[in-house]
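# Analysis of the macromolecular model
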Amino acid sequence: LGLLKLLELVTQNKHIWDFKGQKAAIDIMTWIYKGSYTISDKIVKNETDFSYLSYPIKMIQLCVNNGVTPILVFDGWHLEAKAVTENSWIEEKLQMKKKGKELEEAGYDQDAKKCYNRSVQITAEMIDVLIDLLQMMHFEIIVAPYEADA
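Residues numbered from 1 in each chain as written. Predicted model: local features only at pLDDT ≥ 70, side-chain atom pairs only at ≥ 80, totals over all residues. Heavy atoms only, no water.

Bringing the overall build of the protein into the picture now. Counting secondary structure elements, the protein contains seven helices and three strands. Taken from N to C terminus, the helices and strands of the protein fall in the order α-β-α-α-α-β-α-α-α-β. Dimensions of the protein, computed from the C-alpha atoms along their principal axes, are close to 50 × 35 × 30 Å. Taken over 150 residues, the protein has a buried fraction of 29%. (Helix = DSSP H or I, 4+ residues; strand = E, 2+ residues; numbered from the N terminus. Buried < 20%, exposed > 50% of the residue type's maximum accessible area, 1.4 Å probe, protein only.)

Right, dumping it as C-alpha cells:
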C-alpha cells in the first residue's frame, strides 16, 4: 500500500486495450486470492475444489482478448525481513478461521463467510495446479525469488 501511494503522482488510469500488442507482468497471486474467496468456506475445511481457478483464468483471458500478452508472476519464498509481519498475518488468519467456524455453528453464515474470506491461505498445491494449467496453455510464468510484487 505504501508503494501505491508513492506511485499516485506518476501513474495514469488506462484501459487495458491501451496496452494492445504489449506484454504485461502480472502478480497473479492477487487473482488467485480473489478466486479463492468464492470457496473460502471450503478452503478452511480442506475441501478445496478447482473453482478458485476460474477468476485468474478469466482475467488472463481478458488480457489475451485485448491483445495483451500476460507474463504471470508467482510468489516464491517468504522474505525473512517480513517474518514478524507474516507471522501476525498468519495469526490473524487463524483467528478469523476460528471466528468463522463459531459464527457458522451459530447460524450466521454470511458473517462466517466474511471471516473465512479473511482467513484464506493459498496452499502450494493450489498454486501448483494453476501453474500446471497455465503451462499447458503455453503462458509465460515466472516464480519470483520472494514475493511477486517485491
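Additional details are given in the paragraphs that follow.
Once that is clear, we can look at helix α2 (residues 29-36). Those residues of α2 lying buried are M29, W31, I32, G35 and S36. Buried residues of α2, seen end-on, are gathered within an arc of 160° and therefore sit on one face of the element. Looking at the packing, one finds that the buried side of α2 touches β1 (23-27), α3 (40-43), α4 (54-65), β2 (69-74) and α7 (124-136). (Arc of directions from axis to C-beta. Contact = heavy atoms within 4.5 Å.)

Reading across from one edge, β1-β2-β3 is the order of the three strands in this open sheet, with parallel pairing throughout. Two strands close off the open sheet at either side, each with one partner strand: β1 and β3 (140-143). Sheet twist, expressed as the mean angle between neighbouring strand axes with direction ignored, is 25°. Sitting on the sheet, α2 touches β1 and β2, and the angle it makes with β1 is about 55°. (Pairing = 2+ DSSP bridges. Axes fitted to C-alpha atoms, helices over the stretch in contact; angles between N-to-C directions.)

This brings us to the side chain of N66. Mapped onto the elements, N66 comes out in the loop between α4 and β2. Of the residues examined, N66 reaches a relative accessible area of 18% and is grouped as buried. A distance of 2.9 Å separates a polar side-chain atom of N66 from the backbone oxygen of L62. (Polar contact = N/O pair within 3.5 Å; in protein donor to acceptor, adjacent residues only side chain to side chain.)

Attention now moves to a nonpolar patch on the surface. Taken together, L3, L4, L6, L7, L9 and V10 make up a surface patch of nonpolar side chains, about 690 Å² in accessible area. Tracing the backbone shows L4 in helix α1 (residues 2-7). Judged by relative accessible area, which is 57%, L4 ranks as exposed. (Patch = residues over 30% accessible without salt bridge, like charges linked within 9 Å, V, L, I, M, F, W, Y side chains within 5 Å. Areas by Shrake-Rupley, 256 points an atom, 1.4 Å probe, with all protein chains shown as cover. Salt bridge = Lys/Arg side-chain N within 4 Å of Asp/Glu carboxyl O.)

Before going further, it helps to spend a moment on helix α6 (residues 109-119). Residues separated by three or four positions in an α-helix point in the same direction, a consequence of the helix having 3.6 residues per turn. Along α6, the residues classified as buried are A112, C115, Y116 and S119. Projection of α6 onto a plane perpendicular to its axis shows the buried side chains occupying an angular sector of 100°, all on one side. Away from the buried face of α6 by more than 90 degrees, exposed residues Q110 and K114 are located.

By the definition in use, this model includes six salt bridges. The partner of D41 in a salt bridge is K113, with the nearest N and O atoms 3.5 Å apart. Placement of the pair is D41 in helix α3 and K113 in helix α6, with a sequence separation of 72 residues. Using a relative accessible area of 27% as the deciding quantity, one classes D41 as partly exposed. The class for K113 is partly exposed, based on a relative accessible area of 25%.

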